[in-house]
Amino acid sequence: MAGTLAEKVWDAHLVRRGANGEPDLLYIDLHLVHEVTSPQAFEGLRLAGRPVRRPDLTIATEDHNTPTLDIDLPIADLTSRTQIETLRANAREFGVRLHSLGDADQGIVHQVGPQLGLTMPGLTVVCGDSHTSTHGAFGALAFGIGTSEVEHVLATQTLPLAPFKTMAITVNGQLPPGATSKDIILAIIAKIGTGGGQGYVLEYRGEAIRSLSMEARMTICNMSIEAGARAGMIAPDETTFEYLKGRPHAPEGADWDAAVEYWRTLRTDDDATFDAEVVLEAADLEPFVTWGTNPGQGLPLSANVPVPAQIADENERVAAERALEYMGLEPGTPLRDIAVDTVFIGSCTNGRIEDLRSVAKVLQGRTKADGVRVLVVPSSARVRLQAEAEGLDVIFKEFGAEWRNAGCSMCLGMNPDQLAPGERAASTSNRNFEGRQGKGGRTHLVSPLVAAATAVRGTLSSVADLDLPDGVDLTTFDGSPLAPLAEPSLV
Amino acid sequence: MEKFTTHTGVGVPLRRSNVDTDQIIPAVYLKRITRTGFEDALFAAWRGDPSFVLNQDAYKTGSVLVAGPDFGTGSSREHAVWALKDYGFKVVLASRFADIFRGNSGKQGLVAGIVAQEDVELLWKVLETKPGTEVTVDLEHRTAQADDVTVPFQIDDYTRWRLMEGLDDIGLTLSHEEDIAAFEAQREPWRPRTLPAKHLPTVPVEPARPVRA
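Residues numbered from 1 in each chain as written. Chains lettered and ligands numbered in written order. Predicted model: local features only at pLDDT ≥ 70, side-chain atom pairs only at ≥ 80, totals over all residues. Heavy atoms only, no water.

**Q** Help me out: how do you make sense of the interface of chain B and chain A in this one?
**A** Accessible area lost during the coming together of the parts is what is often quoted as the interface size. Contact with chain B, which involves 73 residues of that partner, is made by 104 residues of chain A. Of all residues in chain B, Lys31(B), Trp190(B) and Thr194(B) give up the largest surface area on contact with chain A, accounting jointly for 11% of the area buried on that side. Summed over the shared surface of chain B and chain A, the number is 10 salt bridges. Arg35(B) serves as the salt-bridge partner of Glu151(A), at 3.1 Å between the closest nitrogen and oxygen. Viewed at the interface, chain A and chain B are joined by 44 residue pairs in polar contact (both at pLDDT 80 or more). Elements with a minimum of two residues in the side of chain B that touches chain A: helix H1 (21-24), helix H2 (79-87), helix H3 (99-108), helix H4 (117-129), helix H6 (169-174) and helix H7 (177-185) of chain B. In terms of residue count, the dominant contributor to the side of chain B that touches chain A is H7(B) (6 residues). Within the side of chain B that touches chain A, the residues separate by chemical class into 32 nonpolar, 17 polar and 24 charged. (Contact = heavy atoms within 4.5 Å. Buried area = accessible area lost by both parts, 1.4 Å probe. Salt bridge = Lys/Arg side-chain N within 4 Å of Asp/Glu carboxyl O. Polar contact = N/O pair within 3.5 Å; in protein donor to acceptor, adjacent residues only side chain to side chain. Helix = DSSP H or I, 4+ residues; strand = E, 2+ residues; numbered from the N terminus. Nonpolar A, V, L, I, M, F, W, Y, C, P; charged D, E, K, R; others polar.)

Written out as structure tokens, the structure is:
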């Protein structure tokens, strides 16, 4: 029978099909663990006298609470330190592999899986973190779970799951210069809303998606949850195989061949049907920014802050009024006139090496706008080392940015990297919720290129606002070192 | 888990849409390693505002929350459900819930009932005109009643059954041990294992320089 990509992966993991309205029981190939959503799950195991069923399918890292400065010192915040130490004790007790602060493979959990080659097509991947959808970029069925489910997977390596619906999101054509995969996903969320994906697994397809690098695809799948969908997927192709080959945990020899042969079958059949379909034209997209307090409240950078009085739907109007009040914005203000205090470049959405390279390309030879704080936080220690090997850190520091250690950092402000009340940020992260980046903090979600241009000018900007020479390609990356000094000077 | 059949308690109208889990419980409260004691964290930012609904005497003891659409969006933190439960809520009613939040609720014995938006408006009207009105939630018949308004709500059959029986998921799954073991026996060798650990060459990690003052 014809099937979609998501249905194929689902069916390949059926331990037991539910009867009489029971959910299906699915096997989980890879369980990623971090310090925030796991302590109560391990405690549950301990109380019930249960072991971790498959430590060899489980991996843990420290990311949400970790400081990005002084990582060689004890963590100053006592509750953060306790939570990290609890994870270390649990990992020891239950035999779970852990990448601790200071380890080259420590970093945001959604970077650690892919960079080690553990994330692969056709897997089921779960983690007590909603941005687990990131791993769907490889053609895995990957989704966030709550702590009760973390305990369930630790104990049984399975999850009971109710069936989902499927939604195709087709992005035709090619992105114009200056627009990135972040702008694609922000435009999708603005179009279908923060609840538009509820109950669905999204599958991103079309020419624009196919031509994206693995890392750019991860950015899109990462924010599926911001559209309400637990998971987003992209069918694996040569780009995927190329990314995986040779990574530490990628299959080798005959296993690799068998895997690739199977992975090539992981695509939606031509005669399969989706429960819903959405189509976007990439050529119509431009850099997108959010103006409000949920990720669906976004507009092209060339637009103005909305005027709530012109919004017909009462709930939406009230939400817009509240959002503008919180954000301290006047209706009708051009988005380009909004001045920021902080630029945050990082997170599981946009803290990977390609993001840092594109930012460095824009920042090279420039200095930051007066009074703006610029934070660059790589998504993992390995990414940080790679960036340093390419000399990107020097560009950031000469620009006036702070070059930090890896972690979730200001994306959610669980560590000391936070916005002060009223402080405004352009952020490459994924959520602009009230208080997300610090109590009273105001967040505009942007792409790395918009973040970089904003850091130069001090107001929300795109690279088109900078005097860049013609022919500088900022949106595609070949994965090779940037060799910054060999590039034509951008100034 | 305690069995749930019916519950009667003060209804709290929360006239907001897109109540994300960062609003239900801000990230700073997630550093705790316990599963209880989160009542102070519930809606922490909003509770600083004297006009917030839970700061009004009539609603303080509420246990049935009636919220706008897209409740529980964002982060997967189960702490959001723990905070609602620790405060005393037994039921949340809204026209749409984020998937992960709804799943977490089911695991923790918090009823997340889907009510049509026009029925939410009816409940809001009763609860706002007569603050302190109790709502009776009947899980067996899937209805919520406040004063003279009775509205139906949806909850999937399986979750409803588990809540009414007070069943623990892990125990249920472990009763299928044979199926799990049979599945494991036929998994392909290319599927990844985290152990033994494989790495790129080990590299010393230098800490970032402290920020210049």
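**Q** When you look at the sheet that holds strand E5 (residues 134-138) of chain B in this model, what are you seeing that I'm missing?
**A** Think of a sheet as strands paired side by side through backbone hydrogen bonds, with each pair either parallel or antiparallel. All names here are of chain B. Pairing is mixed in the open sheet, where 7 strands are placed in the order E4-E3-E2-E1-E5-E6-E7. Edge positions in the sheet fall to strand E4 (111-114) and strand E7 (149-152), since each has one partner strand and no second. Strand-to-strand, the axes of this sheet are offset by a mean angle of 25°, without reference to chain direction. Pairing of strand E1 (residues 6-14) with E5 involves 5 bridges; the strand directions are antiparallel. (Pairing = 2+ DSSP bridges. Axes fitted to C-alpha atoms, helices over the stretch in contact; angles between N-to-C directions.)

**Q** I tried to follow the UniProt feature "binding site: [4Fe-4S] cluster" (unreviewed entry) in chain A on my own but got confused; where do I start?
**A** All names here are of chain A. Residues annotated in UniProt with the feature "binding site: [4Fe-4S] cluster" (unreviewed entry) correspond here to Cys348, Cys408 and Cys411. For this annotated set, covering 64 residues, all C-alpha atoms fall within 8.8 Å of each other, a compact arrangement in space. Here Cys348 is to be found in helix H12 (residues 347-350). On the basis of relative accessible area, Cys348 is assigned to the buried category, the value being 9%. Relative to the helices and strands, Cys408 resides in the loop between strand E17 (402-403) and strand E18 (424-427). Residue Cys408 is classed as buried on the basis of its relative accessible area, which comes to 6%. When neighbours within four sequence positions are excluded, Cys408 is seen to be in contact with Asp63, His64, Ile108 and Phe344. (UniProt positions renumbered as here; feature names shortened; annotations may be inferred. Buried < 20%, exposed > 50% of the residue type's maximum accessible area, 1.4 Å probe, protein only.)

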